[in-house]
Amino acid sequence: FAKANGVDVDFYKTLLFNFPDDTSVVYFGSDNIEQDVDKAIKIWRICDELYDSGEACFFLGKAYSNNDDEMFYEATMKYYQKALDKGVEEAYFPLGYMYFNGYGVEKDVDKALELFESSVKCKDKDGLYFLGFLYATGFKVEKDVKRAKRLFRESAELGNEAAKEYLASLEE
């Protein structure tokens, strides 16, 4: 076992890979461990450094993205890109979102759309929803309500409540 701050790093890796998959992913813990974002960031950095973990990079990007401060945009971009380079497909959508809005990078809608399309191929419910919204409104793409409905339906089937609502509004 490698040691980090006096704790076995394998324990950190276990926490990282047994993490519940929900929207509060930047928090870690269990019944026995108090939730602490700063500790989570430290753990993910250790996992990235020692294990070259794409998942740790993804969670670091997610943790930094929850801070709506421009100084964190660069770190967010860095870790999402690193996660994607390591094969973590969940990074397609947030990375595309960063390019779409120009957060931490020069705004590049074409690059963003390319990343959104890749997120759709990976069945990312947020990517499906966001691209559906773009097609439903014709914002930055040619309006295509039929495609938008298909994307919303797929996102809704994956549990995206907003997609269910938008789909219902399109079918009225």
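A quick note: this is a predicted structure, and the numbers were derived from the prediction, not measured. (Residues numbered from 1 in each chain as written. Predicted model: local features only at pLDDT ≥ 70, side-chain atom pairs only at ≥ 80, totals over all residues. Heavy atoms only, no water.)

Q: I keep staring at the environment of aspartate 108 and nothing clicks. Help me out?
A: When you line up the elements, aspartate 108 lands in the loop between helix H5 (92–101) and helix H6 (109–121). Look at aspartate 108 and you get partly exposed, because its relative accessible area is 31%. Each C-alpha atom, one on aspartate 108 and one on tyrosine 97, is 10.0 Å from the other, the two residues being eleven residues apart in sequence. Within polar-contact distance, the side chain of aspartate 108 engages the backbone nitrogen of lysine 111 at 3.0 Å. (Helix = DSSP H or I, 4+ residues; strand = E, 2+ residues; numbered from the N terminus. Buried < 20%, exposed > 50% of the residue type's maximum accessible area, 1.4 Å probe, protein only. Polar contact = N/O pair within 3.5 Å; in protein donor to acceptor, adjacent residues only side chain to side chain.)

Q: What should I look at first to understand the environment of serine 118 in this one?
A: Topologically, serine 118 is positioned in helix H6. In sequence terms serine 118 and glycine 96 are 22 residues apart; their C-alpha atoms lie 9.4 Å from each other.

Q: Please explain the environment of tyrosine 80 as it appears in this structure.
A: Structurally, tyrosine 80 is set in helix H4 (residues 70–85). In sequence terms tyrosine 80 and glutamate 90 are ten residues apart; their C-alpha atoms lie 9.0 Å from each other. With residues up to four places along the chain from it excluded, the contact list for tyrosine 80 reads Cys57, Phe58, Gly61, Lys62, Ser65, Ala91, Pro94 and Leu95. A polar atom in the side chain of tyrosine 80 sits 3.5 Å from the side chain of serine 65. (Contact = heavy atoms within 4.5 Å.)

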